[in-house]
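Take a look at the letters that make up each chain.
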Amino acid sequence: MTRPVLHNYYRSSTSYRVRIALALKGVDYDYAALHLRKGDQRSDAFLALNPQGLVPALEWGDGQILTQSLAIIEYLDEIIPQPPLLPSDPAGRARVRSLADMIALDIHPINNLRVLAYLKNHFGADDEATAEWFRHWVSEGFAALEARLARDPQTGTFCHGDRVGLADICLAAQITNNARFGVDMTPWPTIRRIGEALAGIEAFRQAAPDRQPDNET
């Protein structure tokens, strides 16, 4: 099989999710960096791969171009079953997907780079106003996520029991983004505890933004 190629940006949380999944699955790949702030994602070459002009995009060995981080991760989980990123039972899978969606579909879309840039360029929001927008929507989402995790006996060391899964991948990437915008994590002790446990796992450290070849920090 041809070596996979991951088109991504070091600071993109969606890219971070896929890097974590690839690391957990033990997949070696070539790293293709796209600088989102410079507009690399709008090049003709990349738009030919992904007409949305969004990262990540994963070129798989059989010629497939996979896009959308959650779809990529579930694809990897289906073709490389170990370690599993979703529970074996339907109810467990639904719970993990729901937790992941709270982050990936409710918090992230209104806080991503495109939205924050639009706030600045079209509504005149300065850096502090943009950061406050980010913190507000994280706080809204994390308050609900904390309530679910804290009261549910299915929560364990991680979001679902004691095995890392899809929801943890989304959570770790969001927590990393939060740090850039000065989000105070103290109101959410369960989330904070899980995040600290995830930070100690080598696959998560390996995939972290500051470990990537295009890191600028």
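Residues numbered from 1 in each chain as written. Predicted model: local features only at pLDDT ≥ 70, side-chain atom pairs only at ≥ 80, totals over all residues. Heavy atoms only, no water.

## Topic: the domain arrangement of the protein chain
Consideration 1: Split into domains, the protein chain comes out as domain 1 (5-83) and domain 2 (90-204).
Consideration 2: Of note, the centres of domain 1 and domain 2, computed from C-alpha atoms alone, are 20 Å apart.
Consideration 3: Counting across the interface, domain 1 meets domain 2 through 1 salt bridge.
Consideration 4: Among the salt bridges present, the one from Glu 74 reaches Arg 97, with a minimum N-O distance of 2.9 Å.
Consideration 5: The interface formed by domain 1 and domain 2 includes 2 residue pairs in polar contact (both at pLDDT 80 or more).
Consideration 6: Among the secondary structure elements, those contributing two or more residues to the side of domain 1 that touches domain 2 are helix 1 (13-25) and helix 3 (69-79). (Domains from an automatic or database assignment. Salt bridge = Lys/Arg side-chain N within 4 Å of Asp/Glu carboxyl O. Polar contact = N/O pair within 3.5 Å; in protein donor to acceptor, adjacent residues only side chain to side chain. Helix = DSSP H or I, 4+ residues; strand = E, 2+ residues; numbered from the N terminus.)

## Remarks on the packing of helix 1 against helix 7 (residues 166-180)
Consideration 1: Their axes nearest at 9 Å, the elements helix 1 and helix 7 cross at an angle of 135°. Relative to helix 7, the element helix 1 lies oblique. The handedness of the crossing between helix 1 and helix 7 is right-handed. Every residue of helix 7 that contacts helix 1 at Ser 13, Tyr 16, Arg 17, Ile 20, Ala 21 and Leu 24 is listed here: Ile 169, Cys 170, Ala 172, Ala 173, Thr 176 and Asn 177.
Consideration 2: Grouping the constituent residues of the contact of helix 1 with helix 7 by class yields 8 nonpolar, 3 polar and 1 charged. (Axes fitted to C-alpha atoms, helices over the stretch in contact; angles between N-to-C directions. Parallel < 35°, antiparallel > 145°, perpendicular 65-115°, else oblique. Left-handed = near helix turned anticlockwise from the far one by under 90°. Contact = heavy atoms within 4.5 Å. Nonpolar A, V, L, I, M, F, W, Y, C, P; charged D, E, K, R; others polar.)

## So, the pairing of strand 1 (residues 5-8)
Consideration 1: Residues Val 5 and His 7 of strand 1 are buried on one face, and the alternating residues Leu 6 and Asn 8, pointing to the opposite face, are buried as well.
Consideration 2: Examined bridge by bridge, strand 1 and strand 2 (residues 30-33) share 4 bridges and lie parallel to one another. Looking at strand 2, one finds that Leu 6 is bridged to Tyr 31.
Consideration 3: Running through helix 1, the crossover from strand 1 to the neighbouring parallel element strand 2 is right-handed.
Consideration 4: Pairing of strand 1 with strand 3 (residues 57-59) involves 3 bridges; the strand directions are antiparallel. Bridge assignment links Leu 6 to a residue of strand 3, and that residue is Leu 58. (Buried < 20%, exposed > 50% of the residue type's maximum accessible area, 1.4 Å probe, protein only. Pairing = 2+ DSSP bridges. Right-handed = clockwise from strand over helix to strand, strands pointing away.)

## Observations concerning the packing of aromatic side chains
Consideration 1: In this structure the tally under the stated criterion is 6 aromatic pairs.
Consideration 2: Summarising the aromatic geometry, the rings of Tyr 9 and Tyr 10 are spaced 5.0 Å apart at their centres and angled 70° between planes, so their arrangement reads as edge-to-face.
Consideration 3: The class for Tyr 10 is buried, based on a relative accessible area of 1%. (Phe/Tyr/Trp six-rings, centres within 6.5 Å; stacked < 30°, edge-to-face > 60°.)

## Digging into the sheet that holds strand 4 (residues 65-67)
Consideration 1: What the 4 strands build is an open sheet, ordered 2-1-3-4; its pairing is mixed. In the strand order of this sheet, the two ends are held by strand 2 and strand 4, each with one partner. Geometrically, the sheet is characterised by an average inter-axis angle of 20° between neighbouring strands, direction not taken into account.
Consideration 2: Sheet strands touched by helix 1: strand 1 and strand 2. Its angle to strand 1, the strand with the most contacts, is close to 155°.
Consideration 3: Running at roughly 125° to strand 4, helix 3 makes contact with strand 3 and strand 4 of the sheet.

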